[in-house]
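Okay, here's what each chain looks like letter by letter:
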Amino acid sequence: MKLYCLSGHPTLPCNVLKFKSTTIMLDCGLDTTAALYFLPLPLVHSPRLSKLPGWVSKDGAVNLEKELKECSGRVFVDSQPEFCLPEKELLDLSTIDVILISNYHCMMALPYITEHTGFTGTVYATEPTLQIGRLLMEELVTFMERVPKAQAATCWKNKEIQRLLPGPLKDAVDVWSWRKCYSVQEVNSALSKVQLVGYSQKVELFGAVQVTPLSSGYSLGSSNWIIQSHYEKVSYVSGSSLLTTHPQPMEQSSLKNSDVLILTGLTQIPTANPDGMLGEFCSNLAMTIRAGGNVLVPCYSSGVIYDLLECLYQFMDSANLGSTPFYFISPVANSSLEFSQIFAEWLCQNKQSKVYLPEPPFPHAELIQTNKLKHYPSIHGDFSSEFRQPCVVFTGHPSLRFGDVVHFMELWGKSSLNTIIFTEPDFSYLDALAPYQPLAMKCVYCPIDTRLNFHQVSKLLKDIQPLHVVCPEPYTQPPPAQPHRSDLMLELQPPPMAYRRCSVLGLPFRRRYERIHLLPELARSLVPSEIKAGVSVATVSAVLQSKDNKHVLQPVPKPAPVPPSKKRKRVTEEPPEVLNPKPLLSGAVPLEPFLAMLHKVQHTLSLRPNQSAQSACR
Amino acid sequence: MPDIKVTPLGAGQDVGRSCILVSIGGKNIMLDCGMHMGYNDDRRFPDFSYVTQNGRLTEFLDCVIISHFHLDHCGALPYMSEMVGYDGPIYMTHPTKAICPILLEDFRKITVDKKGETNFFTSQMIKDCMKKVVPLNLHQTVQVDEELEIKAYYAGHVLGAAMFQIKVGSESVVYTGDYNMTPDRHLGAAWIDKCRPDILISESTYATTIRDSKRCRERDFLKKVHETVERGGKVLIPVFALGRAQELCILLETFWERMNLKAPIYFSTGLTEKANHYYKLFITWTNQKIRKTFVQRNMFEFKHIKAFDRSYADNPGPMVVFATPGMLHAGQSLQIFKKWAGNEKNMLIMPGYCVQGTVGHKILNGQKKLEMEGRATLDVKLQVEYMSFSAHADAKGIMQLIRMAEPRNMLLVHGEAKKMEFLKDKIEQEFSISCYMPANGETTTVVTNPSVPVDISLNLLKREMALGGPLPDAKRPRTMHGTLIMKDNSLRLVSPEQALKELGLSEHQLRFTCRVQLHDPHSDTDTLGRIYTHLKSVLKSYSIQHVPDGTVIVESIVIKVTSSAEEPNLKVILLSWSYQVNKHVMN
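Fair warning: this is a prediction, and the values are worked out from it, not measured in the lab. Counting of residues starts from 1 at the beginning of each chain's written sequence and follows it residue by residue. As a convention, the first chain written is A and the first ligand written is 1, with the rest following in written order. It should be noted that, the model being predicted, local features are given only for residues of pLDDT at least 70 and side-chain atom pairs only at 80 or more, the latter also being counted only at that level, while totals for whole chains, interfaces and linings use all residues. Side-chain metrics in this entry use all non-hydrogen atoms of the structure; hydrogen atoms and water are not considered.

Observations concerning the overall build of chain A
Of regular secondary structure, chain A possesses 18 helices and 28 strands. Only C-alpha atoms enter the radius of gyration; for comparison, a globular chain is expected to reach 2.2 Å times N to the power 0.38, where N is the number of residues. Against the globule reference of 25 Å for 618 residues, chain A gives a C-alpha radius of gyration of 33 Å, more extended than a compact globule. Principal axes of the C-alpha set define a box for chain A whose edges measure 115 × 65 × 55 Å. Buried, partly exposed and exposed residues are distinguished by accessible area as a fraction of the type maximum, computed with a 1.4 Å probe on protein chains only: under 20%, between the cut-offs, and over 50%, respectively. The buried share of chain A, reckoned over its 618 residues, is 54%. Within chain A, counting contacts between residues at least 6 apart in sequence, those at least 24 apart form 72% of the total. Starting at the N terminus, helices and strands are each numbered in turn, a helix being any DSSP run of H or I of at least four residues and a strand any DSSP run of E of at least two. Two residues form a contact once any of their heavy atoms are found within 4.5 Å.

Have a look at this one:
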């Protein structure tokens, strides 16, 4: 059994597990942080961004003024933003049988894998994961296609040239695997390969392996996966949460007795408490609004935004800010808000019981009804005429490189009254803000990451006791910025097996048994004898039938009676010979009865060999 | 011999009060717990004394499963759990859990408040009963206990309707509840995988019917409604608040919009809005088309259909009214019917099945005079139309499901005996499987033949598979030898050598030897040489070795030749063979 690690990103994993005769890809995360090296894509013509100076090396030897632009003291690539794909060269992706998706954030690279690689397998995901994943992909595509860029920059990727580049560009890794965004057709084609599954559904793969998604508590429909045969069990834990937010709580007990547990998707901000961050979010928001400023919240279109809206629903009235409008701007804003209300089965108990009344599970339905929350597909159209200030705007993309957020950065960045509040933990906020510097607007960093922290995970592992743990390398050492915090790493006995991008790990377990079925007729014919107290044995002679990785033992067929025919024929075609089983001879021999028995049979015993010996010598 | 027992307490050769007991692998499961619309006495509920005469329900039952929210499938639930007494788990899907208590409360109100019956379950009992409910999702495998697992499949009958697979070890039963094999305007079609259950328990409401195309029925329905409204008549459509009602509403709504009709459409009871709300929140349970478009246009927001008030019934002019309940046995639909029955301009459309004993059933059978409680008879002059819109599988659909699931045995419930008989013959003929149709209280026993799961050592299996080649040869089956070790409930099949090693036993070598004397003038070596040559020519297909130390070995048989110095011509041939020897060689 082997694990191929195609992504080194701990929260956007992509691993391939070879188990028995199956090849299973676990998640398919797309690292969008590569977009931070690119210039923002403005929705409305921006004089500032269009007049940036091109970059030429100091000695003038390298001139890339068409591809690279200097902006706010940094060099950015002037091209459609690109993303870092999972490694495609480590193994033949066309051999992958199935892809298991754990949550909608971890499937964004799916079209790159399922299209143009010869992939012919099936993708398994829950319904919310598929629907919301589709929304996020469509949003990404719209963001890109709305502002087409004529040129694609590639010269800077040349190793010799990249070496000479300044700042973070020089240190960017795997730049040749970066790709620009996929198309709607590719998204549709990729998602047509998805087979829906429900929590605790047992899915058989080729009769050899059974996979089961379990609730992971992180987002709508998010799951951990159990991959097991009758004797071996691998748990794949990815993006799990023990906090009570909107999704169904994490299912833990089914993870017990794992031989190997693959652990990914822990919190990216282990030092921040989500509850504290939520409080800070509210108080900063209130402060800005009271002072007459606007609040910009760059966020994904699904997930924490539901919790933020719910929190604000309660908070705004108590803070006496009830009349402040919220705007949610995204090509998929409406769909995301609507979809969130129809997944009752995937919600926490609290929200489920609301649906039984019947009431919408999320209070944002009421916010929309009372016109406190409005949603628009983009800043163009109705929004420009309807919007009032001061207001709160939720919009994407959290990288600040594309999407409607770029416009608000240009619009509100110059005023110190306004505030931008970062809630998504995926991007370094300093890097995200880099092309907008100098900035007058206030910046608040309240990352809300509900995924497991190190304290929670070590308690979890203590409970479920896996024999071996596999995790990304960064989890085995303290964060680089806080080298003394040994509490911010995994310390286990035996130590976890760490992987990085392109690692191939041999997983330490030996298969010793396989399930086989004895047909009832065979089972009935067995004669067990008790050898020791509580232990019986029986000799079995049977015919093995293996089909679709299922094994069955049948009774040995009785040789068909030889049809009466001419002598000659009988000699050539003898019935297949069936050996009787060799009995197990063991234990003490009762001597007296044995001798008596010998006397009895003595005569018959000597007869036959005699004959054969004679015939042999004739 | 292991077997599965099925006993209907209700719905055995009958429609109504569905309640079926299944005993499988030592577990007892109750499938549905419904009431009978045709009775107002004790026969209304299933006869639980079948179980309770031997003890409490909780001790006997491992779980109760409810297939959908119709009262003939869940109407007796609070009676069973709170009055007879059952504290174990009750499983149903989320929409069923949401809607079931509302219909139960409705049922209670009609029975207790309107008819004044006592000794009936209370609102509190409905609440307490619902606390025992464990909701489940489609395709989720729920482990009721270590051995018993259940799994729900989409049934397409009403919102949240499910079929259930019940499995213990390798034995399994599938119970369909009510299902529909053709997708309609708001629900999808029932689906199940090839799970090969030992018994498939199927409803058979429309056992003998093969319905014409849905489109024809719809056109017919719209035409009749339209004609009646045109001539100023009133149309009464008795329905249940949830299910068919929504489908017909969608149908009329689109028709009204297209034809630009003005006659009002009403929907009785305050349930409507609530009911439509459930459809909006559980939209994932509707069909693909509605699910795909719900963000742009929610099909359950009706423009033309308004809430009904009792006083509207006397309004002049045409109107269409959907009223509950669906079999005209009580409530608002019956009241409106009484008001409108005398006018031949009016029309009654029965869109679903009516249970024996209900007013609906009588009218459909052509009865023109009805005896009303305590009062004079009622003349039925309005036109009566029956249009089957209930989402049950017809004969074709039932056969289709059998083909999908490939059961080993078939058992019919929820249908009329005569029709069942017909379908039973048809199933037995077409699929060559046994088909049963027990009456209420009658037990059907089906013997199962489960295979025995065993752990085989991978070494043994791999060795065997390598030797056997990729494909089994029917002419020369290979026999595999192993030893089955039975210890603490585990069964392991290992190679004999490993078994001995594991059990710490030393193997005895049992050999038989004998001496044969014969006269031969040659030297010992020559005699042996001649034996060797002869054996070689006789036993062509066996390995025969002539070992230089003076022995010939045929498989496990050892042959030596000795002679004494006194009588060199008298050869003593030593033969030695092990316990397990090929008979053919010996001969």
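Things to note about the sheet that holds strand E29 (residues 557-563) of chain B
All names here are of chain B. Strand order across the open sheet formed by five strands is E26-E30-E29-E28-E27, with antiparallel pairing between neighbours. In this open sheet, the two edge strands, each paired with only one partner strand, are strand E26 (511-519) and strand E27 (544-547). Taken over all neighbouring pairs, the strand axes of this sheet differ in orientation by 20 degrees on average, direction set aside. The pairing criterion is simple: DSSP has to find at least two bridges between the two strands. Sheet analysis places E27 next to strand E28 (residues 551-554), joined by four bridges and oriented antiparallel. Its bridge partner lying in E28, Val 547 is registered against Thr 551. Packed on one face of the sheet, helix H17 (residues 524-538) meets E27, E28, E29 and strand E30 (570-578) and runs near 150 degrees to E29. Axis definition: a line fitted to C-alpha atoms, limited for helices to the stretch in contact. Angles are taken between N-to-C directions and run from 0 to 180 degrees.

A short note on the pattern of salt bridges
Salt bridges, as used here, are contacts in which a Lys or Arg side-chain nitrogen is within 4 Å of a carboxyl oxygen on Asp or Glu. According to the stated counting rule, one finds 49 salt bridges over all chains in the structure shown. A salt bridge links A:Arg48 to A:Glu410; its shortest N-O distance comes to 3.3 Å. Note that A:Arg48 is positioned in helix H1 (residues 47-50) and A:Glu410 in helix H13 (residues 405-412), a separation of 362 residues in sequence. Classification of A:Arg48 by relative accessible area gives partly exposed; the value is 32%. With a closest N to O distance of 3.5 Å, B:Glu301 and B:Lys280 form a salt bridge. Of this pair, B:Glu301 sits in the loop between helix H10 (288-293) and strand E14 (305-307) while B:Lys280 sits in helix H9 (residues 271-281), and the two are 21 residues apart along the sequence. Overlapping salt bridges, with partners in common, bring together A:Lys20, A:Glu232, A:Arg511 and A:Glu514 in one network.

Observations concerning the UniProt feature "domain: Beta-Casp" (unreviewed entry) in chain A
UniProt positions are given in the numbering used here, feature names are shortened, and annotations may be inferred rather than shown by experiment. Feature annotation in UniProt assigns "domain: Beta-Casp" (unreviewed entry) to the following positions: residues 305-433 of chain A. Summarising residues 305-433 of chain A: 41% helix, 12% strand, and an end-to-end C-alpha distance of 21 Å.

Thoughts on a nonpolar patch on the surface
Only residues whose relative accessible area exceeds 30% and that form no salt bridge are eligible for patches; like-charged ones are grouped when within 9 Å, while nonpolar side chains (Val, Leu, Ile, Met, Phe, Trp, Tyr) are grouped when within 5 Å. Throughout, the Shrake-Rupley method with a 1.4 Å probe supplies accessible areas, and for residues the shown protein chains are the sole cover considered. On the surface, a cluster of nonpolar side chains totalling about 500 Å² of accessible area is made up of A:Val589, A:Leu591, A:Phe594, A:Leu595, A:Leu598 and A:Val601. Using a relative accessible area of 32% as the deciding quantity, one classes A:Val601 as partly exposed.

Description of the packing of helix H4 (residues 77-85) of chain B against helix H6 (residues 123-131) of chain B
Residue and element names in this part refer to chain B. For the pair H4 and H6, the least separation of the axes is 9 Å and the interaxial angle reads 90 degrees. The orientation of H4 relative to H6 falls into the category roughly perpendicular. On H6, the residues that touch Leu 77, Pro 78, Ser 81, Glu 82 and Met 83 of H4 are Met 125, Ile 126, Asp 128 and Cys 129. Three classes are used: nonpolar for Ala, Val, Leu, Ile, Met, Phe, Trp, Tyr, Cys and Pro, charged for Asp, Glu, Lys and Arg, and polar for all others, with Gly counted as polar. Looking at the contact of H4 with H6 residue by residue, the class counts come to six nonpolar, one polar and two charged. The scheme is simple: roughly parallel for angles under 35 degrees, roughly antiparallel for over 145, roughly perpendicular for 65 to 115, oblique for anything else.

As for the interface of chain A and chain B
On the chain B side, the residues contacting the 78 residues of chain A number 82 residues. Roughly 6900 Å² is buried in total at the junction of chain A and chain B, and carbon and sulfur atoms are behind 61% of that figure. Viewed at the interface, chain B and chain A are joined by two salt bridges. Its salt-bridge partner being B:Asp455, residue A:Arg515 comes within 3.5 Å of it at the nearest N-O pair. Listing elements by their share of the side of chain A that touches chain B, those giving two or more residues are helix H9 (333-340), helix H10 (349-355), strand E25 (513-518), helix H16 (520-525), strand E26 (529-532), strand E27 (535-547), strand E28 (550-555) and helix H18 (591-617) of chain A. The dominant element in the side of chain A that touches chain B, judged by the number of residues it contributes, is E27(A), at twelve residues. Residue classes in the side of chain A that touches chain B are distributed as 42 nonpolar, 21 polar and 15 charged. A 1.4 Å probe defines the accessible area here, and the buried area is the portion of it lost by two parts on being joined, summed over both.

Re helix H3 (residues 127-146) of chain A
Any helix carries an expected span of 1.5 Å times its number of residues minus one. Between its first and last C-alpha atoms H3(A) spans 28 Å; for 20 residues at 1.5 Å apiece the expected length is 28 Å, and the two agree. For H3(A), the tally of buried residues reaches 15 of 20 residues, placing the bulk of the element in the interior.

Observations regarding the packing of helix H13 (residues 395-405) of chain B against helix H14 (residues 417-431) of chain B
Residues and elements named next belong to chain B. In the contact formed by H13 and H14, the axes pass within 12 Å of each other and the chain directions differ by 40 degrees. One way to sum up the angle between H13 and H14 is to call them oblique. Helix-helix and strand crossings are classified by hand; for H13 and H14 the assignment is right-handed. Touching Ala 395, Ile 398, Met 399, Ile 402 and Arg 403 of H13 are Leu 423, Lys 426, Ile 427, Glu 430 and Phe 431, all from H14. Of the residues in the contact of H13 with H14, the class split is seven nonpolar, no polar and three charged. By definition, any crossing whose near helix is turned counterclockwise from its far helix by less than a right angle is left-handed, and any crossing with a clockwise turn is right-handed.

Side note on the side chain of B:Arg108
Residues and elements named next belong to chain B. Relative to the assigned elements, Arg 108 resides in helix H5 (residues 94-114). For Arg 108, a relative accessible area of 12% translates into the label buried. In the analysis that follows, any N or O atom pair within 3.5 Å is treated as a polar contact, provided that within protein one partner can donate a hydrogen and the other can accept it, and provided that, for residues neighboring in sequence, both atoms belong to side chains. There is a polar contact of 2.9 Å between the side chain of Arg 108 and the side chain of Glu 105.

Section: the sheet that holds strand E9 (residues 162-168) of chain B
All names here are of chain B. Taken in spatial order, the seven strands of this open sheet run E7-E8-E9-E10-E11-E20-E21, and their pairing is mixed. Unpaired on one side and paired on the other, strand E7 (141-143) and strand E21 (434-436) mark the two borders of the sheet. Across the sheet, the mean angle separating the axes of adjacent strands is 20 degrees when strand polarity is ignored. Each of strand E20 (409-413) and E21 is contacted by H14, which is oriented at about 165 degrees to E20, the strand it contacts most.

Comments concerning the environment of B:Glu421
Examined against the element boundaries, B:Glu421 turns out to sit in helix H14. According to the relative accessible area criterion, B:Glu421 is partly exposed, its value standing at 41%.

Brief notes about the environment of B:Gly352
Residues and elements named next belong to chain B. Assignment of secondary structure puts Gly 352 in the loop between strand E16 (347-350) and helix H12 (359-364). Judged by its relative accessible area of 16%, Gly 352 falls in the buried class. With 26 residues separating them along the chain, Gly 352 and Gly 326 place their C-alpha atoms 7.3 Å apart.

Concerning the nonpolar core
Formed by 251 residues in total, the largest nonpolar core has its most connected members in A:Phe394, B:Ile201, B:Phe221 and B:Phe337. In terms of residue count, H3(A) provides more of this core than any other element does, nine residues in total. Residues enter a nonpolar core if they are buried and are Ala, Val, Leu, Ile, Met, Phe, Trp, Tyr or Cys, with the set joined through side-chain atoms within 4.5 Å. Grouped together as the second largest cluster of nonpolar side chains are 26 residues, A:Leu3, A:Ala208, A:Val211 and A:Phe509 included.

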